Amino acid sequence: MKSDSKPDVCVVGLGYIGLPTAAIIARAGCKVRGVDIAQAVVDTINRGEIHIEEVDLDGLVQGVVARGALSAATAVSPADVFVIAVPTPFDANHAPDISHVLAAGRAVAQVLKPGDIVILESTSPVGTTERLRDLICAARPDLKGPGLTNAVADIAIAYCPERVLPGRILEELTNNDRSIGGITPRCARKALAFYKRFVRGTCVTTDARSAEMTKLVENAYRDVNIAFANELSIVADRMGLDVWEVIRLANRHPRVNILTPGPGVGGHCIAVDPWFIVHGAPEETPLIRTARGVNDGKIHHVIGRADALVAAHPEARVACLGLAFKANIDDFRESPARLVAATLARRFGARIQVVEPYAAGLPREFEGTGAGQIDLDEALEGCDILIVLVDHDIFRSVPLAERAGKLVYDTRGIWPDQPRAGAGVPQALRLAS
Ligand code: SAJ
């Protein structure tokens, strides 16, 4: 590849990060081959369609596929830059599973040529990029790998994590700052030049291990801070206080910014990544481990409260508002709301109705429970108890008059005008978390 020409790019893994990344690189003028093991995903993309929901992604993918800038396949093919964006889950013991990264590395190694750049984007435990380098070097002894000798390497290898928020992926992929961690400074410079083609945010170079840890730290920081808010909400419940009022007041301090309590932490990042740090340094991470426990415990606190509320009103019809793991998205992975609603459905059957405007039907675990799905208007007209599990805008906009006479358990604090305490107010209305 000449330094001034646009590189051909191969993106391995076409999920929530890989597909938007592939599309944005294609939009920047590079020819992109996307690779996924799922034939159905490959076929969908080659039709110019998408298999995930993300704001504006459909139009972008349709456009770049139509003009031949992006195509998908199940096998890796030669390119100048390889971007690996495959899942890194954890196992039953919370140990990170990097097998998909290593499999992608083995596939990429087969087609590498001198001058190529390999970039890992998947959230990974510290040291993974070096393991990827070792694997590639073992598979291709004809290529000089970076950081092993003082000789100039034939290939560059770097770790460059994403930081995008589901629902804002395209905007944040372009505008967020990025850490670019090279196995060597030369690797970092090569990766930097690539990212500058499509990232408007500042790209900061560092070493691969620091970049790996930075990604984990960002999500652990958030988890610890959400845990503080969730713990406060349980304390407030115990003391009969309105946690939202307390947080609102405390956040008027210029150096205090308490996050928002909820039914627990969901999604595939914040509830997972802290374990990668704990696994790497088990003795040194009591705070991070405890925060995970507090956030998981909050789900069970909410289940207990909701269960008691529904059981205490045997005639009441109940609406659970929301199944998604957070507001205004159709992502139900590791969602506390989904777990709470499904637990209530199993216990109370047809008394439980679910309102989720982002779902066409209920997930499998609701089958056979008798619980159903209704729309928001039906819930407001026909249900006596409202349990708010997700802060979708459409729920937030329901005025107090339409909630009149209902028992409300608002785990997200979306209705600050909801009466909570005072003479004549049923106990359930006082639930603060
Ligand atoms: N949540 C709360 N209270 C809050 C904030 C969040 O209960 O005050 C809950 C949400 O409801 C949700 C969970 O936490 O269940 C996570 O939501 P989120 O919006 O905080 O984060 P994610 O998982 O969608 O995306 C995170 C982001 N990381 C940070 O903000 C540090 C994103 O920038 C990362 O790119 C993403 O993880 C990732 O892929 O790692």
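Residues numbered from 1 in each chain as written. Predicted model: local features only at pLDDT ≥ 70, side-chain atom pairs only at ≥ 80, totals over all residues. Heavy atoms only, no water.

## Re a nonpolar patch on the surface
Working step 1: A contiguous nonpolar patch, built from Val235, Met239, Leu241 and Val246 and spanning about 340 Å² of accessible area, is present on the exposed surface.
Working step 2: In this fold, Met239 is placed in helix 8 (residues 208–239).
Working step 3: Classification of Met239 by relative accessible area gives exposed; the value is 58%. (Patch = residues over 30% accessible without salt bridge, like charges linked within 9 Å, V, L, I, M, F, W, Y side chains within 5 Å. Areas by Shrake-Rupley, 256 points an atom, 1.4 Å probe, with all protein chains shown as cover. Salt bridge = Lys/Arg side-chain N within 4 Å of Asp/Glu carboxyl O. Helix = DSSP H or I, 4+ residues; strand = E, 2+ residues; numbered from the N terminus. Buried < 20%, exposed > 50% of the residue type's maximum accessible area, 1.4 Å probe, protein only.)

## Quick notes on the packing of helix 4 (residues 99–111) against helix 5 (residues 128–139)
Working step 1: Relative orientation of the contacting elements helix 4 and helix 5 amounts to 35 degrees, with a least axis distance of 9 Å. Crossing of helix 4 against helix 5: the hand is right-handed. Contact residues: helix 4 offers Val101, Leu102, Gly105, Arg106 and Ala109, while helix 5 offers Thr128, Arg131, Leu132, Leu135, Ile136 and Ala139. (Axes fitted to C-alpha atoms, helices over the stretch in contact; angles between N-to-C directions. Left-handed = near helix turned anticlockwise from the far one by under 90°. Contact = heavy atoms within 4.5 Å.)

## Quick look at the site of the ligand
Working step 1: Near the ligand, the surroundings consist of 21 residues, among which Val164, Lys215, Asn219, Thr260 and Phe325 are the closest.
Working step 2: One nitrogen or oxygen atom from the side chain of Glu162 is found 3.1 Å from an oxygen atom belonging to the ligand.
Working step 3: Relative to its unbound accessible surface of 760 Å², the ligand loses 88% to contact with the protein.
Working step 4: The dominant element in the shell around the ligand, judged by the number of residues it contributes, is helix 8, at five residues.
Working step 5: Per-class residue counts for the shell around the ligand are nine nonpolar, four polar and eight charged. (Near = heavy atom within 4 Å. Polar contact = N/O pair within 3.5 Å; in protein donor to acceptor, adjacent residues only side chain to side chain. Nonpolar A, V, L, I, M, F, W, Y, C, P; charged D, E, K, R; others polar.)

## Some details on the packing of helix 1 (residues 18–27) against helix 3 (residues 57–66)
Working step 1: It is at 10 Å that the axes of helix 1 and helix 3 come closest, and there the two elements cross at 50 degrees. Here helix 3 runs oblique to helix 1, going by the angle between their axes. Regarding helix 1 and helix 3, the two cross each other, and that crossing is left-handed. Between helix 1, through Leu19, Pro20, Ala23, Ile24, Ala26 and Arg27, and helix 3, the contact on the second element is made entirely by Leu57, Leu60, Val61 and Val64. (Parallel < 35°, antiparallel > 145°, perpendicular 65-115°, else oblique.)

## Some words on the side chain of Thr123
Working step 1: Looking at the secondary structure, you find Thr123 in the loop between strand 5 (117–120) and helix 5.
Working step 2: Setting aside chain neighbours within four positions, we find Thr123 in contact with Thr88, Tyr159, Lys215, Leu216, Asp273 and Phe276.

## What about unusual backbone geometry?
Working step 1: Backbone geometry places Asp56, a non-glycine residue, at a positive phi of 70 degrees.
Working step 2: For Asp56, the location among the structural elements is in the loop between helix 2 (39–46) and helix 3.
Working step 3: Asp56 gets classed as exposed once you look at its relative accessible area, which sits at 57%.
Working step 4: With a phi angle near 50 degrees, Glu334 is a residue other than glycine that sits in the positive phi range.
Working step 5: Inspection of the secondary structure puts Glu334 in the loop between strand 9 (318–321) and helix 12 (336–348).
Working step 6: For Glu334, a relative accessible area of 52% puts it in the exposed group.

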